Amino acid sequence: MFFVRISDWDCPEAPIRIPIIPADRPRQDHPLPKALDDASAAKLLRAAQAEPRALTRVVVEVLLRTGLRVGEFTALQADAIVLIGAAHWLHVPVGKLHEDR
């Protein structure tokens, strides 16, 4: 921002163009989230089932069994459960792959 401002203020010593580009800065080391292995998922499910709050039990169960992302889960509408034939299905609107699931 320093170079942008001195250029805006018409400083005579300002460089013709900004000498720093975003690629000059090192990338931040933010590890990607990892999926739970089977043992960890089972441990989380057992802990959730022992939870006294029904909301916690339901949220963990749905997330683990459907593979939904938290954002997809929180964006579900009240009519997300639909009847197809004789079975109930969870309808997830357009997601990361740009298709309904």
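As shown above, the structure is provided for reference.
If you're wondering where the values come from, they're calculated on a predicted model, not measured in any experiment.

Participant: Looking at this structure, how should I read the overall build of the protein chain?
Facilitator: A count of helices and strands for the protein chain gives four helices and two strands. Put simply, the protein chain runs from its N terminus to its C terminus through helices and strands in the order α-α-α-α-β-β. The C-alpha atoms of the protein chain give 24 Å as radius of gyration, which overshoots the globular expectation for 101 residues (13 Å, by more than 25%). Along the first, second and third principal axes, the C-alpha atoms of the protein chain reach 75 × 35 × 25 Å. Per-residue burial for the protein chain yields a buried fraction of 10% across its 101 residues. In the protein chain, once contacts between residues fewer than 6 apart in sequence are set aside, the share between residues at least 24 apart is 14%. Element-wise, carbon and sulfur atoms account for 61% of the exposed surface of the protein chain, whose accessible area totals about 9,100 Å².

Participant: Sorry, what's going on with helix α3 (residues 54-66) here?
Facilitator: Note: α-helices contain 3.6 residues per turn, so residues at a spacing of three or four share the same orientation. Compared with an ideal rise of 1.5 Å per residue, which puts 13 residues at 18 Å, α3 spans 18 Å between its outermost C-alpha atoms and is within 8% of the ideal. Where α3 ends, the next residue or the one after it, G67, has phi of about 80°, a positive value.

Participant: When you look at the pattern of salt bridges in this model, what are you seeing that I'm missing?
Facilitator: In a structure, side chains of opposite charge can pair up when their charged atoms sit close to one another. The full count for this structure, using the stated rule, is two salt bridges. A salt bridge links R65 to E61; the nearest nitrogen and oxygen atoms lie 2.4 Å apart. Taken together, the residues span about one helical turn, with R65 and E61 both in helix α3 at a distance of four residues. E61 sits in the partly exposed class, given a relative accessible area of 25%. The residue R69 makes a salt bridge to E72 at a minimum N-O spacing of 3.4 Å. Residue R69 is classed as partly exposed on the basis of its relative accessible area of 41%.

Parameters and conventions
- Residues numbered from 1 in each chain as written.
- Predicted model: local features only at pLDDT ≥ 70, side-chain atom pairs only at ≥ 80, totals over all residues.
- Heavy atoms only, no water.
- Helix = DSSP H or I, 4+ residues; strand = E, 2+ residues; numbered from the N terminus.
- Rg over C-alpha atoms; globule rule 2.2 N^0.38 Å.
- Buried < 20%, exposed > 50% of the residue type's maximum accessible area, 1.4 Å probe, protein only.
- Contact = heavy atoms within 4.5 Å.
- Areas by Shrake-Rupley, 256 points an atom, 1.4 Å probe, with all protein chains shown as cover.
- Expected span 1.5 Å × (residues − 1).
- Salt bridge = Lys/Arg side-chain N within 4 Å of Asp/Glu carboxyl O.

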